[in-house]
Amino acid sequence: MSAAAAPAGRPPERLLLGSGPSPVPREVLDALAWPTIGHLDPAFAVIMDDLAELLRATFATANRATLPISGTGSAGMDALVGNFVEPGDRVVCGVHGLFGERMADQLARAGADVVRVEAEWGRAIDPARLIEAARGGLDAMVVVHGETSTGVAQPLDGLGQACREHDALFMIDCVTSLAGHPLALDDAGVDAAFSGTQKCLNVPPGLAPFTAGERALAKLRARSSPVRSWYFDLSLVLSYWQGDGGRAYHHTAPINLVYALREGLRLVAEEGLEARWARHRQAHEALRVALLGLGFERLAPEGEALWPLLAVRVPEDIDEAAVRRMLLLDHGIEVSGGLGPLAGRAWRIGVMGTGARRQPQRRLVSALAGALGVDPTEALAALDEAWGGVRASAQ
Ligand SMILES: *Cc1c(COP(=O)(O)O)cnc(C)c1O
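Because the structure is a prediction, the values reported are computed rather than measured.

Cut-offs used in this document
Residues numbered from 1 in each chain as written. Predicted model: local features only at pLDDT ≥ 70, side-chain atom pairs only at ≥ 80, totals over all residues. Heavy atoms only, no water. Helix = DSSP H or I, 4+ residues; strand = E, 2+ residues; numbered from the N terminus. Expected span 1.5 Å × (residues − 1). Buried < 20%, exposed > 50% of the residue type's maximum accessible area, 1.4 Å probe, protein only. Arc of directions from axis to C-beta. Contact = heavy atoms within 4.5 Å. Near = heavy atom within 4 Å. Polar contact = N/O pair within 3.5 Å; in protein donor to acceptor, adjacent residues only side chain to side chain. Domains from an automatic or database assignment. Buried area = accessible area lost by both parts, 1.4 Å probe. Pairing = 2+ DSSP bridges. Right-handed = clockwise from strand over helix to strand, strands pointing away. Axes fitted to C-alpha atoms, helices over the stretch in contact; angles between N-to-C directions.

Participant: I would appreciate a short explanation of helix 11 (residues 320-331) in the present structure.
Facilitator: Note: α-helices contain 3.6 residues per turn, so residues at a spacing of three or four share the same orientation. Along its 12 residues, helix 11 runs 16 Å from first to last C-alpha, staying within 8% of the 16 Å computed at 1.5 Å per residue. The complete set of buried residues in helix 11 reads Glu320, Val323, Leu327 and His331. Along the axis of helix 11, the buried positions cluster into a sector of 70 degrees, meaning they face one direction only. Each element contacted by the buried residues of helix 11 is listed here: strand 13 (333-334), strand 15 (346-350) and helix 12 (358-372). Downstream of helix 11 by a residue or two, Gly332 has a phi angle that is positive, lying close to 70 degrees.

Here is the structure:
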């Protein structure tokens, strides 16, 4: 199958099976094209309230301060660090990939005393080591729950509890894990978290779902210095999003993206969070066995894998950049290359939302076998079997 030529000026059709953006369903694209209305229009307020409620359900939190920050996932990281970390704070930061590095960088820029707890790229950090690092006292701990650079899920066991014992905040990056990997923020004792729209939510990039609990808000109120960023100052943003006694203009909300995110979250609620996690797990496993048959072995060991992102080692005799290019240009399928120490050695394949289904995976496996010049039959059979046989069609 070759990619259809796009009409002049329009981007081509792509099957997005990389590290994000992920495929955007028709309902979400349609919502983007709804009429733009004013950010203070009462009809828009109804949509905002609806979105906040759906977002609470998706994060599994009761936090009232739950809203989308304007900007991509990294803006959520900026908002998290900018509001809840003060210069001189001792912050324990888990680093086991690119996004942990980015977090440590942001913390250092905010003037924090950063205590790095590291694991090699491709492994999770033993939670006991993070708890050990907290022994010396801390103001906050931050970890990346789903490390998209390596396809590893970070266990959160005991971390929220340890932070409470030290009167510190526990905060996470759940950009890739939200709605694709088991995560219940309140149960895990998470005080603040951010995500992104273009991973498992299947919404175009541009918003950062964000939530903060009472302990985090108390720290914000008690700050000795004002939040440096005016744009990301949560107190100001909340005066618009929560609107007690009338919503005050802060900055113009990205109206149509808000429609799209509400729609994406509605689709998550319709499927059910737990059913969605289970589907991502099944999709991850199906693709893992199919790719193993083609010689691509998963990086993460059993028990540490992140369902929404399958990172695999590329066999050494393959020119990985050339094959990825062939997948993109001849088949219209995007997969992502490795980052940092994994550049040229690994691929990162998205198993995100509508991408976590049998049909798109069949397309990828067929195209990849074709590009490698091998027969796809066995790999496809392994994929189908993991999806529950040839006849289960609702996937
Ligand atoms: C994608 C991603 C980000 C950054 O999001 P952008 O939308 O690219 O700004 C942060 N953390 C993780 C874990 C991610 O996967």
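There is more to say after this.
Participant: Help me understand the site of the ligand in this model?
Facilitator: With respect to spatial proximity, 13 residues lie near the ligand, and among them Thr72, Ser74, Thr148, Asp173 and Lys199 are the closest. Separating a nitrogen atom of the ligand from a side-chain N or O atom of Asp173 is a distance of 2.6 Å. One nitrogen or oxygen atom from the side chain of Thr176 is found 2.9 Å from an oxygen atom belonging to the ligand. Mapped by element, the contributors of at least two residues to the shell around the ligand are helix 3 (73-84) and helix 4 (98-109).

Participant: Sorry if this is basic, but what is going on with the domain arrangement of the protein chain here?
Facilitator: You'll often see interface size given as the accessible area lost when the parts meet. Domain annotation for the protein chain reports domain 1 (26-269) and domain 2 (273-394). For domain 1 and domain 2, the distance between their C-alpha centres works out to 29 Å. At the interface, 28 residues of domain 1 touch 22 residues of domain 2. Both faces considered, domain 1 and domain 2 share a buried interface measuring about 2100 Å² in area, 64% of it formed by carbon and sulfur atoms.

Participant: Got a minute to help me understand the pairing of strand 3 (residues 90-95) in this structure?
Facilitator: Regular strands place side chains that alternate from one sheet face to the opposite one. Counting buried residues along strand 3, five of its six residues qualify, which places the element largely inside the surrounding structure. Two elements, strand 3 and strand 4 (residues 113-118), share six bridges in a ladder whose sense is parallel. Counted as the bridge partner of Val92 is Val115 from strand 4. In this region the chain leaves strand 3, passes through helix 4 and returns to the parallel neighbour strand 4; the handedness of that crossover is right-handed. Two strands pair when backbone bridges link them, and strand 3 and strand 5 (residues 140-144) are joined in this way by three bridges, in the parallel orientation. By the bridge assignment for strand 5, Val92 is matched with Met141.

Participant: Sorry, what's going on with the sheet that holds strand 3 here?
Facilitator: Picture the strands of a sheet paired through backbone hydrogen bonds; they go either parallel or antiparallel. If you trace the seven strands from one edge of the open sheet to the other, you get 2-10-9-8-5-3-4, paired in mixed fashion. At either end of the open sheet lies a strand with only one pairing partner, and these are strand 2 (65-70) and strand 4. Across the sheet, the mean angle from the axis of one strand to that of its neighbour is 20 degrees, orientation sign disregarded. On the sheet, helix 2 (residues 42-59) packs against strand 2 and strand 10 (207-212) and is oriented at approximately 105 degrees with respect to strand 2.

Participant: Sorry, what's going on with the side chain of Asp89 here?
Facilitator: Along the polypeptide, Asp89 turns up in the loop between helix 3 and strand 3. Since its relative accessible area comes to 8%, Asp89 is described here as buried. A distance of 2.9 Å separates a polar side-chain atom of Asp89 from the backbone nitrogen of Glu86. Each residue touching Asp89, except ones within four places of it in the same chain, is listed here: Phe84, Ala112, Asp113, Asp139 and Lys219.

Participant: I keep staring at helix 5 (residues 127-134) and nothing clicks. Help me out?
Facilitator: Listing the buried residues of helix 5 in full gives Pro127, Leu130, Ala133 and Ala134. One face of helix 5 carries all of its buried residues, which in axial projection span an arc of 120 degrees. The inward-facing, buried residues of helix 5 abut strand 3, strand 4, strand 5 and helix 6 (159-165). For helix 5, the capping residue at the N-terminal end is Asp126, with a side-chain oxygen 3.0 Å from the backbone nitrogen of Ala128.

Participant: What is the right way to look at the environment of Pro204 in this model?
Facilitator: Mapped onto the elements of the fold, Pro204 is located in the loop between strand 9 (192-194) and strand 10. C-alpha of Pro204 to C-alpha of Pro127: the two residues are 77 residues apart in sequence and 33 Å apart in space. Apart from the residues lying within four places of it in its own chain, the contact partners of Pro204 are Val24, Val28, Leu32, Thr197, Gln198 and Leu257.

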